[in-house]
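# Tertiary structure, described
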Amino acid sequence: MTNTTNPSIDTKIFRLGGDLPVRRVGYGTMRLADGPGDPTGPEARIWTPPADRAAAVRLLRTAAEAGVTLFDTADAYALGAGEELLAEALHPYGDGVAVATKVGVVRPSPTEWVPLGHPAYLRQQAELSLRRLRTERIDLLHLHRLDENFPVAEQVGALKRLQEEGKVRHIGLSEVTVAQLEEAEAVAPVAAVQNLYNLANRDHEAVVEHTAGRGIAFVPFFPVAMGGHAGPDGPVARVAREIGATPSQTALAWLLHRAPHVLPIPGTSSAAHLVENLGALDVALTEEQFARLGSGTGAS
């Protein structure tokens, strides 16, 4: 694994699609759809609107006031209620707010996430997202998942048509391989890829490298998962103590140090954790600490 950080680059800002500047720690809103007692992490249901809607609205506004510029949601989060919540909190969106949402997954039950890439369906869902977000143009529209039942060209082509109509500024993909990304790029410019990636799961290393070379944002979800790196005497905790940061900040700092096009979107329902996550932008790792975290040794 190579670290492609360039010291001459503003490490706190990335220009999505070359023209949309966002701070490199965004906010993932998925957690706001967790119900009381629901499982978290990859097993989360994301089925119901927040029980305390006023608190969720305050948290989103706090995020914007604290400097978050990239807010990530999806039409599948709480059956569209996630988009409605974001609009309630932040509309009208100023120049300092970029909204990313996703289409291409249906939710027939709280435990099912089923890809559906019919081009007409994707266009319909984008129209519904525009209404729920109360906007005329979505800053970044991700294809939530590729559907093997439809050609990639048709699925991405539906998003490209929306872009040509002025309803989408930039196109993104989620959970794709390099080969799938290249197939999509043959149809339309791709501004961002949102894949699972963190200290505990680096299966998409090739995608990180490919996007770096193409100027495409790589947006890791579940970014603070640490797996075997966690623990009071694990590598993350050891490096965190060395640099005077929290383990979560250290895990995010590792991602930020990985390459200047990496934009983690941690989610939280806590204002304190929100501020803590943003603090990762000010955490500096040495090359030795970065390598140590990546190897998982934690040895001083």
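Data block above holds the structure.
In this text, all values refer to a predicted model and were calculated from it rather than measured experimentally. (Residues numbered from 1 in each chain as written. Predicted model: local features only at pLDDT ≥ 70, side-chain atom pairs only at ≥ 80, totals over all residues. Heavy atoms only, no water.)

## Some thoughts on the nonpolar core
Using the following cut-off: As used here, the term nonpolar core means buried Ala, Val, Leu, Ile, Met, Phe, Trp, Tyr and Cys residues forming a set that is joined through side-chain atoms within 4.5 Å. Think of it in three bands: with a 1.4 Å probe and only protein chains considered, a residue is buried below 20% of the maximum accessible area for its type, exposed above 50%, and partly exposed in between.
In terms of nonpolar packing, the biggest core is built from 67 residues, with Tyr 27, Leu 60, Phe 71, Leu 141, Leu 173 and Trp 254 touching the most fellow members. With 14 residues, the next largest nonpolar core counts Phe 14, Leu 20, Leu 70 and Ile 265 among its residues.

## Here's the deal with the packing of helix H5 (residues 178-185) against helix H6 (residues 205-214)
We count it as follows: Axes here refer to lines fitted to C-alpha atoms; in helices the fit is confined to the stretch in contact. Angles between the N-to-C directions go from 0 to 180 degrees. Runs of H or I in DSSP of at least four residues are treated as helices and runs of E of at least two as strands, each being numbered from the N terminus. An angle counts as roughly parallel when it lies under 35 degrees, as roughly antiparallel when it exceeds 145, as roughly perpendicular when it falls between 65 and 115, and as oblique in every other case. Should any heavy atoms of two residues lie within 4.5 Å, those residues are considered in contact. All residues other than Ala, Val, Leu, Ile, Met, Phe, Trp, Tyr, Cys, Pro, Asp, Glu, Lys and Arg, Gly among them, are scored as polar; the first ten of these are nonpolar and the last four charged.
Look at H5 against H6: their axes get within 9 Å of each other, and the N-to-C directions meet at 30 degrees. Classified by the interaxial angle, the pair formed by H5 and H6 is roughly parallel. Residues Val 178, Leu 181, Glu 182 and Glu 185 of H5 form the contact with H6, whose participating residues are Ala 206, Val 207, His 210, Thr 211 and Arg 214. Partitioning the contact of H5 with H6 into residue classes produces 4 nonpolar, 2 polar and 3 charged.

## Structural notes on the pairing of strand E5 (residues 98-103)
Threshold: Here, strands pair whenever DSSP counts at least two bridges between them.
With 6 of its 6 residues buried, E5 lies for the most part within the structure. Of the two faces of E5, the one holding Ala 98, Ala 100 and Lys 102 and the one holding Val 99, Thr 101 and Val 103 are both buried throughout. Of the strand pairs in this sheet, strand E4 (residues 70-72) and E5 are connected by 3 bridges, and their pairing is parallel. If you follow Phe 71 over to E5, its bridge partner there is Val 99.

## Details of the packing of helix H2 (residues 81-90) against helix H3 (residues 119-133)
Taken N-terminus to C-terminus, the directions of H2 and H3 make an angle of 35 degrees; their axes are 8 Å apart at the nearest point. Counting all contacts with H2, which are made through Glu 83, Glu 84, Leu 86 and Ala 87, the residues of H3 involved are Ser 129, Arg 132 and Leu 133. Here the contact of H2 with H3 is built from residues that sort into 3 nonpolar, 1 polar and 3 charged.

## Remarks on the sheet that holds strand E11 (residues 217-221)
The strand order across the open sheet formed by 7 strands is E3-E4-E5-E8-E9-E10-E11, and the pairing between neighbours is parallel. At either end of the open sheet lies a strand with only one pairing partner, and these are strand E3 (27-28) and E11. Where E3 and E4 come together, 2 bridges link them in parallel fashion. From the neighbouring strand, Tyr 27 faces E4, where its bridge partner is Phe 71. H3 contacts E5 and strand E8 (138-143) of the sheet and is inclined by roughly 145 degrees relative to E5.

## Re the side chain of Thr 211
For Thr 211, the position within the fold is in helix H6. If we skip the residues at most four places from it in the chain, Thr 211 touches Leu 181, Val 193, Ile 216, Phe 218 and His 261.

## Here's the deal with the pattern of salt bridges
Convention followed: Any Lys or Arg side-chain nitrogen found within 4 Å of a carboxyl oxygen on Asp or Glu counts as a salt bridge.
Under the definition given, this model contains 16 salt bridges. Of the charged contacts, one joins Glu 127 and Lys 167 as a salt bridge, the two residues approaching to 2.5 Å between their closest N and O atoms. In this pair, Glu 127 sits in helix H3 while Lys 167 sits in the loop between helix H4 (152-164) and strand E9 (168-174), placing the two residues 40 residues apart along the sequence. Judged by relative accessible area, Lys 167 falls into the partly exposed class, the value being 24%. Salt-bridge contacts for Arg 292 lead to Glu 288; the nearest nitrogen and oxygen are separated by 2.8 Å. Pair noted here: Arg 292 and Glu 288 are both in helix H10 (residues 287-295), with a separation of 4 residues, about one helical turn.

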